[in-house]
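In case you want the letters, here they are:
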Amino acid sequence: MADYDQIIVGSGINALVAAAMLSAKGKRVLVLERNDRLGGCMRTEEITLPGFRHDVMAATFVLFLTSPAYAALAAGLARHGFELCHTKHPTAVLRPDGSSLVLTTDRAANIARFDALSPGDGARHGADVGAIEADAPFLFALLGGELWSWPTLKLLLRETWKRGPRGLAAWMGKALVPARGWLETTYGSDTLRALWAPWVLHSGLTPESTYGGQMGKVIAFALEAAGAPIVKGGAGKAVDAFRALIEEQGGTTRTGVDVERIIVRNGAACGVVTASGEEIFGREIVCSVAPGQLYGRLLKGVAETRETDGAVAAYRHGRGDFQLHYAVDGPIRWKTPGLDDVALIHLADGIDSVSRSANEAERGMLPETPTICVGQPHRLDPSRCPDGKSIVWIQIPDAPRTVKGDAAGTIPTSGGWDEATREAFADRIEAILARHIEGFPGSVLARRAYSPADLEKLNINLVGGDPYGGACSIDQFFIWRPFADSKGAATAVRNLHHIGASTHPGPGLGGGSGFLLAKRLGG
């Protein structure tokens, strides 16, 4: 007899969403995590100095706030301490010459500001985000819904009836435009183009990637409508709330348990074996892991998955992520006014600079001028650090997974992310930051850098430091994620389900794949 209804391997956002929803319906749920804590990329620690609480990786919860998972779980999570902190200024771009542009959560104000930069840009921005708003039921069903389902087929038929076959084909064609094509043909202001260009990197794309323009519009709509909230006390507090909710509802969570393989009998998954030899049985097994972990480790030697071997070998991972954290004495003194309360600031010159740094990273080179995303979480949540101090959270979304060389030719490399390479690259980032913050080097109390290799050591599913669960190019997205013949969370093994960033709807903190599976399993 099964010990549990669902055994969930892994504990990232999708696993926690599935566990919370299923346990709410009385399902006997067990979550197993190999690390010493739950949460996957949601991790908050005092990594620089005591009293400075840093989100080591994931920090911004706009995708969760706007997700159906949050709508379903908000009350329960709030009961266990989950609280979001907001600012009216979710993002900005800061260019090398010190010019900047700040987005607000007021559409009318944004339209007026953008029109002042270049006549007509504001109206075009209003049209772009307005179109996303108007198409929301259809668009978000495609981006986050169950694609292989009758409801989606019916939705497509309704849209075909509404728009006509050619009209729907035209809509799809426009949705495939790269971000460069969207920005260069829509906006006259280079600064406005620079505001949006870096955001495609956070979708695992580049300015030249197919459908990057549509993703850019979706991000613009989401940031303007919902901001860029962070969790009070850190992303780890979200994990604490999930754990408390799951256990309150009768679910079980265990950390420090490394699942070694999945038990498959008569073509169906029925349990797991841990590294210590413990056997645990369940009616359904859910794995929130990277494809290589699932098929190359947990299902190694299972006959039913042999036809998947080629697809697993061909699966591509994307660029790496580089994280840099600072404990700072005093305030962050930006030389450019108006940035004090902005949640996320990109240091970038525009489309070309973003394209260049991403291309260098994809070729295995340390970018000469990386695209830098700067967060200042203490401005939204003062509890993150002692009074009179500051935190700087930095993400480089275009770091190479493997290091072949340095695009600038000044950092010696040895073929990998060793400590010397990591700290030299951190020095490069810090030098760029110091050009824009008054007295920054002298105000630094401590810093901590994480290379892509360091992040993979923290979480084996971040292959090469890829935080997106695999390259997000169109051949590995939508109905083709992770493989060309994939069908949602289903696998070749009965009662075994695959969720997480490597599956539809893809990466981010929306919890989409966990939500979809939980609904299908009765959650």
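Structural data are supplied above this passage.
Residues numbered from 1 in each chain as written. Predicted model: local features only at pLDDT ≥ 70, side-chain atom pairs only at ≥ 80, totals over all residues. Heavy atoms only, no water.

**Q** It is not clear to me how the pattern of salt bridges should be interpreted in this structure. Could you clarify?
**A** Where charged atoms from two side chains of opposite charge approach closely, those side chains can pair. Applying the stated criterion to the full structure yields 33 salt bridges. Taking the shortest distance from any N to any O, the salt bridge between Arg193 and Asp190 comes out at 3.3 Å. With Arg193 and Asp190 both in helix 10 (residues 190-196) and three residues apart, the pair spans about one turn of that helix. Judged by its relative accessible area of 18%, Arg193 falls in the buried class. (Salt bridge = Lys/Arg side-chain N within 4 Å of Asp/Glu carboxyl O. Helix = DSSP H or I, 4+ residues; strand = E, 2+ residues; numbered from the N terminus. Buried < 20%, exposed > 50% of the residue type's maximum accessible area, 1.4 Å probe, protein only.)

**Q** Which parts of the structure should I look at to understand the packing of aromatic side chains?
**A** In this structure the tally under the stated criterion is 18 aromatic pairs. Their ring planes at 85° and their centres at 6.0 Å tell us that Tyr315 and Phe483 sit as a pair that is edge-to-face. In this pair, Tyr315 is assigned in the loop between helix 14 (309-314) and strand 13 (320-329) and Phe483 in the loop between helix 18 (452-458) and strand 20 (496-499), connecting sequence segments 168 residues apart. For Tyr315, a relative accessible area of 10% puts it in the buried group. Relative accessible area serves as the criterion here: at 6%, Phe483 is assigned to the buried category. On the basis of an interplanar angle of 85° and a centroid distance of 5.1 Å, the ring pair of Phe477 and Phe478 is categorised as edge-to-face. (Phe/Tyr/Trp six-rings, centres within 6.5 Å; stacked < 30°, edge-to-face > 60°.)

**Q** Please clarify how unusual backbone geometry should be interpreted in this entry.
**A** Trans peptide bonds make up the majority, and among non-glycine residues the majority have a negative phi. For the bond from Arg481 to Pro482, the omega torsion is 0°, close enough to zero to count as cis. Of note, Pro482 is situated in the loop between helix 18 and strand 20. Phi is positive for Tyr211, close to 65°, though the residue is something other than glycine. Tracing the sequence through the fold places Tyr211 in the loop between helix 10 and helix 11 (212-226). The residue Asn266 is not glycine, and still its phi comes out positive at about 55°. Along the chain, Asn266 turns up in the loop between strand 10 (259-265) and strand 11 (268-274).

**Q** Would you mind going over the nonpolar core with me for this structure?
**A** Within soluble globular proteins, side chains that are nonpolar generally end up buried alongside one another. Of all hydrophobic cores here, the largest spans 53 residues; its most connected members are Leu183, Leu192, Leu195, Trp196, Tyr211, Leu223 and Leu344. Those elements that place two or more of their residues in this core are strand 7 (100-103), helix 5 (121-134), helix 6 (136-144), helix 8 (165-175), helix 9 (179-186), helix 10, helix 11 and helix 15 (351-362). Counting residues per element, this core draws most heavily on helix 11, at six residues. In contact with Trp196, not counting residues within four places along its chain, are Leu103, His125, Trp182, Leu183, Ala220 and Leu223. Counting 39 residues, the second-largest nonpolar core is a separate cluster that includes Val31, Ala235, Ile246 and Ala518. (Core = buried A, V, L, I, M, F, W, Y, C linked by side-chain atoms within 4.5 Å. Contact = heavy atoms within 4.5 Å.)

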